[in-house]
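If you want the building blocks of each chain, they are given just below.
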Amino acid sequence: MASSRNKENQQKYPRDKPWSLDDFEIGKPLGKGKFGRVYLAREKKSQYIVALKVIFKDQIEKYKLNNQLGREMEIQSKLNHPNVLRLFGWFHDAHHIYLILEYCHGGELYKLLSKIGHLSEHQAATYIASLTKALAYCHQKNVIHRDIKPENLLLDFEGRLKIADFGWSVQSTSKRKTMCGTLDYLAPEMVENRAHDYAVDNWTLGVLCYEFLYGAPPFEAENQIDTFKRIVAVDLSFPSTPPVSVEAKNLIRLLLVKDSSKRLSLQKILEHPWIVQNADPNGTCN
Ligand code: AMP
(Lines give C-alpha, C1' and ligand atoms only; values in the text may rest on other atoms or scores of the structure.)
Protein backbone atom coordinates (compact mmCIF):
# COMPACT_ATOMS: atom_id res chain seq x y z
CA MET A 1 0.00 0.00 0.00
CA ALA A 2 2.64 2.46 1.15
CA SER A 3 4.91 1.26 -1.61
CA SER A 4 2.34 1.75 -4.41
CA ARG A 5 1.54 5.25 -3.14
CA ASN A 6 5.23 5.99 -3.06
CA LYS A 7 5.59 4.74 -6.61
CA GLU A 8 2.74 6.96 -7.75
CA ASN A 9 4.23 9.94 -5.98
CA GLN A 10 7.62 9.16 -7.40
CA GLN A 11 6.22 9.95 -10.86
CA LYS A 12 5.85 13.54 -9.66
CA TYR A 13 9.62 13.94 -9.45
CA PRO A 14 11.48 15.80 -10.79
CA ARG A 15 9.58 19.05 -10.86
CA ASP A 16 10.21 22.44 -12.40
CA LYS A 17 9.97 24.69 -9.31
CA PRO A 18 13.10 24.72 -7.10
CA TRP A 19 12.73 22.91 -3.78
CA SER A 20 13.00 24.66 -0.44
CA LEU A 21 12.86 23.59 3.19
CA ASP A 22 9.24 24.84 3.33
CA ASP A 23 8.26 21.95 1.08
CA PHE A 24 9.08 19.42 3.82
CA GLU A 25 7.91 18.35 7.26
CA ILE A 26 11.01 17.24 9.11
CA GLY A 27 10.83 14.08 11.22
CA LYS A 28 13.24 12.08 13.34
CA PRO A 29 17.00 12.12 12.77
CA LEU A 30 18.16 9.02 10.89
CA GLY A 31 21.87 9.44 11.35
CA LYS A 32 24.86 11.64 11.38
CA GLY A 33 27.78 11.88 8.96
CA LYS A 34 30.91 14.01 9.09
CA PHE A 35 29.41 16.82 7.03
CA GLY A 36 25.90 16.89 8.37
CA ARG A 37 22.81 15.02 9.41
CA VAL A 38 20.11 12.92 7.78
CA TYR A 39 16.44 13.31 8.73
CA LEU A 40 13.27 11.50 7.87
CA ALA A 41 11.09 14.02 6.00
CA ARG A 42 7.76 14.21 4.21
CA GLU A 43 7.15 16.30 1.13
CA LYS A 44 4.05 18.28 2.08
CA LYS A 45 2.17 18.21 -1.21
CA SER A 46 2.64 14.57 -2.23
CA GLN A 47 3.11 13.21 1.34
CA TYR A 48 6.05 11.31 -0.11
CA ILE A 49 8.53 10.10 2.53
CA VAL A 50 12.20 10.86 1.86
CA ALA A 51 15.51 11.08 3.69
CA LEU A 52 16.75 14.67 3.78
CA LYS A 53 20.50 14.94 4.06
CA VAL A 54 21.59 18.30 5.44
CA ILE A 55 25.21 19.14 4.66
CA PHE A 56 27.02 22.06 6.25
CA LYS A 57 28.54 24.30 3.59
CA ASP A 58 31.45 25.35 5.80
CA GLN A 59 32.52 21.70 6.15
CA ILE A 60 32.42 21.19 2.39
CA GLU A 61 34.45 24.34 1.89
CA LYS A 62 36.89 23.39 4.63
CA TYR A 63 37.67 20.10 2.90
CA LYS A 64 37.52 21.72 -0.58
CA LEU A 65 34.85 19.30 -1.71
CA ASN A 66 32.58 21.73 -3.58
CA ASN A 67 33.44 20.43 -7.03
CA GLN A 68 33.39 16.80 -6.00
CA LEU A 69 30.02 17.14 -4.30
CA GLY A 70 28.54 18.91 -7.33
CA ARG A 71 29.87 16.22 -9.68
CA GLU A 72 28.64 13.34 -7.57
CA MET A 73 25.17 14.88 -7.10
CA GLU A 74 24.99 15.30 -10.86
CA ILE A 75 25.89 11.61 -11.38
CA GLN A 76 23.56 10.20 -8.73
CA SER A 77 20.56 12.28 -9.79
CA LYS A 78 20.77 10.77 -13.29
CA LEU A 79 20.82 7.16 -12.08
CA ASN A 80 17.49 5.36 -11.85
CA HIS A 81 17.77 1.70 -10.87
CA PRO A 82 16.00 -0.33 -8.13
CA ASN A 83 19.37 -1.02 -6.45
CA VAL A 84 20.80 2.50 -6.61
CA LEU A 85 19.67 5.04 -4.01
CA ARG A 86 17.65 7.75 -5.79
CA LEU A 87 18.66 11.36 -5.41
CA PHE A 88 15.45 13.17 -6.27
CA GLY A 89 16.84 16.67 -6.09
CA TRP A 90 18.74 19.19 -4.01
CA PHE A 91 18.58 22.78 -2.86
CA HIS A 92 20.54 25.07 -0.58
CA ASP A 93 20.32 28.04 1.74
CA ALA A 94 23.00 30.27 3.23
CA HIS A 95 24.62 27.57 5.37
CA HIS A 96 23.38 24.20 4.14
CA ILE A 97 23.01 21.97 1.12
CA TYR A 98 19.97 19.66 1.26
CA LEU A 99 19.86 16.36 -0.63
CA ILE A 100 16.41 14.81 -1.17
CA LEU A 101 17.15 11.10 -1.04
CA GLU A 102 15.13 7.93 -1.29
CA TYR A 103 14.36 6.75 2.26
CA CYS A 104 15.79 3.38 3.28
CA HIS A 105 13.87 2.03 6.25
CA GLY A 106 16.31 -0.86 6.83
CA GLY A 107 19.33 1.44 7.32
CA GLU A 108 22.90 0.39 6.70
CA LEU A 109 23.77 -3.15 5.69
CA TYR A 110 26.90 -2.66 7.80
CA LYS A 111 24.80 -2.43 10.96
CA LEU A 112 22.89 -5.60 10.09
CA LEU A 113 26.17 -7.40 9.41
CA SER A 114 27.66 -6.19 12.71
CA LYS A 115 24.53 -7.28 14.57
CA ILE A 116 24.20 -10.80 13.17
CA GLY A 117 27.90 -11.47 12.48
CA HIS A 118 27.54 -12.96 9.01
CA LEU A 119 24.77 -13.47 6.48
CA SER A 120 23.11 -16.64 5.24
CA GLU A 121 24.01 -17.82 1.73
CA HIS A 122 20.52 -16.78 0.61
CA GLN A 123 20.98 -13.23 1.91
CA ALA A 124 24.57 -12.95 0.67
CA ALA A 125 23.69 -14.21 -2.83
CA THR A 126 20.65 -11.90 -3.00
CA TYR A 127 22.75 -8.84 -2.10
CA ILE A 128 25.60 -9.82 -4.44
CA ALA A 129 23.11 -10.28 -7.32
CA SER A 130 21.51 -6.89 -6.53
CA LEU A 131 24.90 -5.20 -6.38
CA THR A 132 25.96 -6.85 -9.64
CA LYS A 133 22.82 -5.59 -11.40
CA ALA A 134 23.32 -2.08 -10.00
CA LEU A 135 26.97 -2.06 -11.09
CA ALA A 136 26.11 -3.34 -14.58
CA TYR A 137 23.69 -0.42 -14.85
CA CYS A 138 26.28 2.07 -13.57
CA HIS A 139 29.03 0.73 -15.84
CA GLN A 140 26.69 1.01 -18.80
CA LYS A 141 26.38 4.70 -17.88
CA ASN A 142 30.17 4.98 -17.58
CA VAL A 143 30.06 5.31 -13.80
CA ILE A 144 32.60 3.35 -11.73
CA HIS A 145 31.68 3.48 -8.07
CA ARG A 146 35.12 2.55 -6.64
CA ASP A 147 33.98 2.88 -3.05
CA ILE A 148 31.54 0.09 -2.49
CA LYS A 149 31.62 -1.14 1.10
CA PRO A 150 28.93 -2.20 3.58
CA GLU A 151 28.72 1.35 5.03
CA ASN A 152 27.65 2.60 1.60
CA LEU A 153 24.91 0.02 1.19
CA LEU A 154 21.41 0.71 2.51
CA LEU A 155 18.35 -1.53 2.78
CA ASP A 156 14.80 -0.44 2.02
CA PHE A 157 11.72 -1.65 3.95
CA GLU A 158 11.55 -4.86 1.88
CA GLY A 159 15.22 -5.62 2.48
CA ARG A 160 16.22 -4.53 -1.03
CA LEU A 161 19.81 -3.36 -1.28
CA LYS A 162 20.60 0.16 -2.53
CA ILE A 163 24.05 1.55 -3.36
CA ALA A 164 24.42 4.98 -1.79
CA ASP A 165 27.14 7.63 -1.68
CA PHE A 166 28.54 8.15 -5.10
CA GLY A 167 32.06 8.94 -4.10
CA TRP A 168 31.94 12.36 -2.50
CA SER A 169 31.15 10.90 0.89
CA VAL A 170 34.24 8.71 0.67
CA GLN A 171 35.79 11.08 3.16
CA SER A 172 32.57 11.71 5.07
CA THR A 173 32.91 9.17 7.85
CA SER A 174 35.33 6.46 8.79
CA LYS A 175 33.09 4.35 10.90
CA ARG A 176 35.61 1.58 11.16
CA LYS A 177 38.05 3.50 13.28
CA THR A 178 40.73 3.36 10.62
CA MET A 179 42.95 6.36 10.02
CA CYS A 180 41.53 7.44 6.72
CA GLY A 181 38.99 4.91 5.64
CA THR A 182 39.80 1.35 4.78
CA LEU A 183 41.87 -0.31 2.09
CA ASP A 184 40.01 -3.58 2.57
CA TYR A 185 37.71 -3.23 -0.45
CA LEU A 186 40.27 -1.90 -2.93
CA ALA A 187 41.62 -3.93 -5.83
CA PRO A 188 45.41 -4.52 -6.13
CA GLU A 189 45.68 -2.10 -9.06
CA MET A 190 44.10 0.63 -6.92
CA VAL A 191 46.23 0.16 -3.82
CA GLU A 192 49.32 0.02 -6.04
CA ASN A 193 48.19 3.23 -7.73
CA ARG A 194 48.14 1.65 -11.17
CA ALA A 195 45.66 2.46 -13.95
CA HIS A 196 42.30 0.86 -13.25
CA ASP A 197 38.96 0.38 -14.89
CA TYR A 198 35.52 -1.12 -14.27
CA ALA A 199 37.05 -4.38 -13.05
CA VAL A 200 37.86 -2.74 -9.69
CA ASP A 201 34.16 -3.02 -8.83
CA ASN A 202 34.22 -6.76 -9.72
CA TRP A 203 37.07 -7.29 -7.24
CA THR A 204 35.08 -5.45 -4.59
CA LEU A 205 32.14 -7.80 -5.19
CA GLY A 206 34.46 -10.69 -4.30
CA VAL A 207 35.56 -8.92 -1.10
CA LEU A 208 31.97 -8.19 -0.12
CA CYS A 209 30.80 -11.71 -0.89
CA TYR A 210 33.51 -13.00 1.44
CA GLU A 211 32.63 -10.47 4.16
CA PHE A 212 28.89 -11.21 3.92
CA LEU A 213 29.57 -14.92 4.43
CA TYR A 214 32.40 -14.80 6.98
CA GLY A 215 31.70 -11.47 8.75
CA ALA A 216 35.11 -9.91 7.99
CA PRO A 217 36.82 -8.87 4.75
CA PRO A 218 39.39 -11.36 3.35
CA PHE A 219 42.53 -9.22 3.60
CA GLU A 220 41.89 -7.71 7.02
CA ALA A 221 45.07 -7.11 9.04
CA GLU A 222 46.34 -5.26 12.09
CA ASN A 223 47.40 -2.24 10.05
CA GLN A 224 47.09 -0.73 6.58
CA ILE A 225 50.57 -1.85 5.47
CA ASP A 226 49.76 -5.49 6.17
CA THR A 227 46.36 -5.18 4.48
CA PHE A 228 48.15 -3.66 1.49
CA LYS A 229 50.59 -6.60 1.37
CA ARG A 230 47.80 -9.16 1.64
CA ILE A 231 45.79 -7.51 -1.17
CA VAL A 232 48.78 -7.28 -3.51
CA ALA A 233 49.70 -10.94 -2.83
CA VAL A 234 46.01 -11.99 -3.06
CA ASP A 235 46.60 -13.77 0.26
CA LEU A 236 43.20 -15.47 0.33
CA SER A 237 42.15 -18.21 2.73
CA PHE A 238 38.78 -19.53 3.86
CA PRO A 239 38.15 -20.15 7.57
CA SER A 240 36.48 -23.44 8.51
CA THR A 241 33.70 -21.60 10.39
CA PRO A 242 31.10 -20.59 9.54
CA PRO A 243 30.63 -23.37 7.00
CA VAL A 244 30.37 -21.92 3.50
CA SER A 245 29.48 -23.84 0.34
CA VAL A 246 32.07 -24.82 -2.26
CA GLU A 247 30.10 -22.87 -4.90
CA ALA A 248 30.28 -19.61 -2.90
CA LYS A 249 34.05 -20.04 -2.43
CA ASN A 250 34.36 -20.73 -6.15
CA LEU A 251 32.65 -17.42 -7.00
CA ILE A 252 34.89 -15.52 -4.57
CA ARG A 253 38.02 -17.12 -6.13
CA LEU A 254 36.84 -16.13 -9.61
CA LEU A 255 36.49 -12.49 -8.52
CA LEU A 256 39.60 -12.06 -6.36
CA VAL A 257 41.96 -12.46 -9.29
CA LYS A 258 44.98 -10.17 -9.53
CA ASP A 259 44.84 -9.79 -13.33
CA SER A 260 41.80 -7.54 -13.70
CA SER A 261 41.09 -8.78 -17.23
CA LYS A 262 40.63 -12.34 -15.89
CA ARG A 263 38.02 -11.48 -13.22
CA LEU A 264 34.56 -12.90 -13.72
CA SER A 265 32.39 -10.46 -15.67
CA LEU A 266 29.20 -9.02 -14.16
CA GLN A 267 27.08 -11.04 -16.61
CA LYS A 268 28.90 -14.26 -15.62
CA ILE A 269 28.38 -13.48 -11.91
CA LEU A 270 24.63 -13.45 -12.48
CA GLU A 271 24.91 -16.79 -14.31
CA HIS A 272 27.11 -18.38 -11.61
CA PRO A 273 25.41 -21.48 -10.10
CA TRP A 274 25.71 -20.14 -6.53
CA ILE A 275 23.83 -16.96 -7.48
CA VAL A 276 21.27 -18.82 -9.60
CA GLN A 277 20.54 -21.29 -6.78
CA ASN A 278 20.57 -18.89 -3.82
CA ALA A 279 19.61 -15.35 -4.84
CA ASP A 280 16.04 -14.16 -4.39
CA PRO A 281 14.77 -13.30 -7.89
CA ASN A 282 13.05 -10.14 -6.56
CA GLY A 283 16.15 -8.96 -4.71
CA THR A 284 14.27 -8.78 -1.41
CA CYS A 285 15.15 -10.69 1.73
CA ASN A 286 13.58 -9.77 5.02
P1 AMP B 1 25.82 9.56 5.87
O2 AMP B 1 26.05 11.01 6.17
O3 AMP B 1 25.43 9.31 4.44
O4 AMP B 1 26.93 8.68 6.35
O5 AMP B 1 24.52 9.15 6.71
C6 AMP B 1 24.49 9.13 8.11
C7 AMP B 1 23.51 8.06 8.55
O8 AMP B 1 22.18 8.41 8.16
C9 AMP B 1 23.79 6.70 7.99
O10 AMP B 1 24.53 6.00 8.92
C11 AMP B 1 22.42 6.06 7.81
O12 AMP B 1 22.11 5.28 8.93
C13 AMP B 1 21.47 7.23 7.75
N14 AMP B 1 21.01 7.43 6.36
C15 AMP B 1 21.69 8.07 5.38
N16 AMP B 1 20.98 8.08 4.23
C17 AMP B 1 19.81 7.44 4.50
C18 AMP B 1 18.65 7.10 3.72
N19 AMP B 1 18.58 7.44 2.43
N20 AMP B 1 17.65 6.42 4.32
C21 AMP B 1 17.77 6.07 5.63
N22 AMP B 1 18.82 6.35 6.41
C23 AMP B 1 19.84 7.02 5.87
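Residues numbered from 1 in each chain as written. Predicted model: local features only at pLDDT ≥ 70, side-chain atom pairs only at ≥ 80, totals over all residues. Heavy atoms only, no water.

Here we come to the UniProt feature "active site" (unreviewed entry) in the protein chain. In the numbering used here, UniProt assigns the feature "active site" (unreviewed entry) to Asp147. Locating Asp147 in the fold gives a position in the loop between α5 (121-140) and β7 (153-155). On the basis of relative accessibility, which here comes to 12%, the residue Asp147 falls in the buried class. (UniProt positions renumbered as here; feature names shortened; annotations may be inferred. Helix = DSSP H or I, 4+ residues; strand = E, 2+ residues; numbered from the N terminus. Buried < 20%, exposed > 50% of the residue type's maximum accessible area, 1.4 Å probe, protein only.)

Here the focus is helix α7 (residues 199-214). Helix length check: α7, at 16 residues, gives a terminal C-alpha distance of 23 Å against a target of 22 Å (1.5 Å per residue), a fit within 8%. Trailing α7 by a residue or two, Gly215 shows a phi angle of about 90 degrees, which is positive. (Expected span 1.5 Å × (residues − 1).)

A separate point is the packing of aromatic side chains. Counted by the stated rule, this structure contains 10 aromatic pairs. Centre to centre, the rings of Trp19 and Phe24 are 5.6 Å apart; their planes meet at 45 degrees, and the pair counts as tilted. With a relative accessible area of 10%, Trp19 lands in the buried category. Aromatic rings pair up to connect Trp19, Phe24, Phe91 and Tyr98 into one cluster. (Phe/Tyr/Trp six-rings, centres within 6.5 Å; stacked < 30°, edge-to-face > 60°.)

Attention shifts here to the pairing of strand β3 (residues 49-56). Walk down a regular strand and you will see the side chains alternate between the two sheet faces. Within β3, 6 of the 8 residues are buried, which leaves it mostly tucked inside the rest of the structure. Where strand β2 (residues 36-43) folds back on β3, the antiparallel hairpin that results is connected by 5 residues, among which Gln47 adopts a positive phi of roughly 65 degrees. Pairing of β3 with strand β5 (residues 96-102) involves 7 bridges; the strand directions are antiparallel. Bridge assignment links Ile55 to a residue of β5, and that residue is Ile97. (Pairing = 2+ DSSP bridges.)

Between α7 and helix α9 (residues 246-255), the least distance of the axes is 8 Å, while the angle of their chain directions is 150 degrees. By the angle between their directions, the pair α7 and α9 is classed as roughly antiparallel. As for the relative orientation of α7 and α9, their crossing is left-handed in sense. For the pair formed by α7 and α9, the contact residues are Asn202, Trp203, Leu205, Gly206, Cys209, Tyr210, Leu213 and Tyr214 on the first element and Ala248, Lys249, Leu251, Ile252 and Leu255 on the second. (Axes fitted to C-alpha atoms, helices over the stretch in contact; angles between N-to-C directions. Parallel < 35°, antiparallel > 145°, perpendicular 65-115°, else oblique. Left-handed = near helix turned anticlockwise from the far one by under 90°. Contact = heavy atoms within 4.5 Å.)

Taken together, 16 residues are adjacent to the ligand, and Gly31, Lys53, Glu102, Cys104 and Glu108 come closest. One of the side-chain nitrogen or oxygen atoms of Lys53 is found 2.6 Å away from an oxygen atom of the ligand. Contacts to the ligand include Glu102, whose backbone N or O atom sits 2.8 Å from a nitrogen atom. At the level of secondary structure, the elements contributing two or more residues to the shell around the ligand comprise β1 (24-33) and β3. If one sorts the elements of the shell around the ligand by residue count, β1 sits on top with 4 residues. For the shell around the ligand, the per-class residue count stands at 7 nonpolar, 2 polar and 7 charged. For the shell around the ligand, the domains that each give at least three residues are domain 1 (10-102) and domain 2 (107-278). (Near = heavy atom within 4 Å. Polar contact = N/O pair within 3.5 Å; in protein donor to acceptor, adjacent residues only side chain to side chain. Nonpolar A, V, L, I, M, F, W, Y, C, P; charged D, E, K, R; others polar. Domains from an automatic or database assignment.)

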